[in-house]
Amino acid sequence: MSMLTPPGMGGQYRITGDKYPRMRPPRRRRRLIVGAVASAAALGLIGWGTLQLIDVFTGGDKASASVGTKAAACRAPVSPSPSARTVALPAPGRITVNVLNATTRGGLAKDTADELKKRGFKVGTVGNATKEYDKKVKGIGVVLGPAAAKDTALPVLATQLTGAEQRTEAGRKGGDVDLILGDGFKNLNSAQAADKALTALRHPAPAATAGKNDRTHC
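Described in the following lines is the structure provided in the data block. (Residues numbered from 1 in each chain as written. Predicted model: local features only at pLDDT ≥ 70, side-chain atom pairs only at ≥ 80, totals over all residues. Heavy atoms only, no water.)

## Quick look at the overall build of the chain
Regarding its fold elements, the chain presents four helices and five strands. Beginning at the N terminus, the succession of helices and strands in the chain can be written as α-β-α-β-β-α-β-β-α. Expressed as a percentage of the 218 residues in the chain, the buried residues total 24%. Counting only contacts in the chain whose residues sit at least 6 apart along the sequence, the fraction spanning at least 24 positions is 75%. (Helix = DSSP H or I, 4+ residues; strand = E, 2+ residues; numbered from the N terminus. Buried < 20%, exposed > 50% of the residue type's maximum accessible area, 1.4 Å probe, protein only. Contact = heavy atoms within 4.5 Å.)

## Let's talk about the pairing of strand β5 (residues 177-181)
With respect to burial, β5 is a largely interior element, five of its five residues being buried. The alternating pattern of β5 places Val177, Leu179 and Leu181 and Asp178 and Ile180 on opposite faces, both of which are buried. With four bridges joining them, strand β3 (residues 141-146) and β5 adopt antiparallel strand pairing. Within β5, the position partnered with Leu144 by the bridge is Asp178. (Pairing = 2+ DSSP bridges.)

## Considerations on the sheet that holds strand β2 (residues 122-128)
One open sheet holds the five strands; their spatial order is β2-β1-β5-β3-β4, and the pairing between them is mixed. Two strands lie at the open edges of the sheet, namely β2 and β4 (165-169), each paired on one side alone. The sheet shows a mean angle of 20 degrees between the axes of neighbouring strands, taken without regard to direction. Relative to β4, β3 runs parallel, the two being bridged by five bridges. In the sheet register, Gly145 faces β4, and the bridge partner there is Thr168. Sitting on the sheet, helix α2 (residues 108-118) is in contact with β1 (96-101), β2 and β5, with an inclination near 155 degrees to β1. (Axes fitted to C-alpha atoms, helices over the stretch in contact; angles between N-to-C directions.)

## Some details on the side chain of Thr112
Inspection of the secondary structure puts Thr112 in helix α2. Among all residues touching Thr112, those that are not within four sequence positions of it are Val99, Leu179, Leu181, Phe185 and Leu188.

## Considerations on the pairing of β2
By the bridge criterion, five bridges tie β1 to β2 in an arrangement that is parallel. Residue pairing for β2: Val99 is matched across the bridge by Val126. In this fold, the crossover linking β1 to β2 by way of α2 has right-handed handedness. (Right-handed = clockwise from strand over helix to strand, strands pointing away.)

Next up, the structure:
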């Protein structure tokens, strides 16, 4: 038996050379490795949990505030609405209207002129339309006047007849305007509807709009 043979082996193992064999069972080494890995994982979980607790107690309010601020920023800011303005328009009593019939129906111009007079308009010429328009107006009618009446007398008269076409004549003298009745004409607007349209014309409602530089990208 060699002197390197451990006692009690009974000669079953014979060892040669100058190194002792490993006597530790392999399972013990695996247990050490598994234990080390488990310890590292546990430490990692503890660290992560600590960070979460810190975030809950210190950062939660900041996160909520950040979300609320972003949501508020995403709402398109609307520019303040300016106060309602009043448009200077002539009163019906300062407008002289020539009522002209371009249809084949008799008495249409006179009846319409009488109604306009009741509503406060001054009535000028009442009769048939000129050759340029006679039997050539297929729509409801035409409101015609000088260029200076484009934003004054013409829109005021047009409140009496919804759908009438507004036109101006270059070089036309005077301030009178014409109401030329076409084939589609039946009646003037009701007095209540005409008054409401005139009020809206005098006091246009301002529209609230978002400014170009107020847009927020979310």
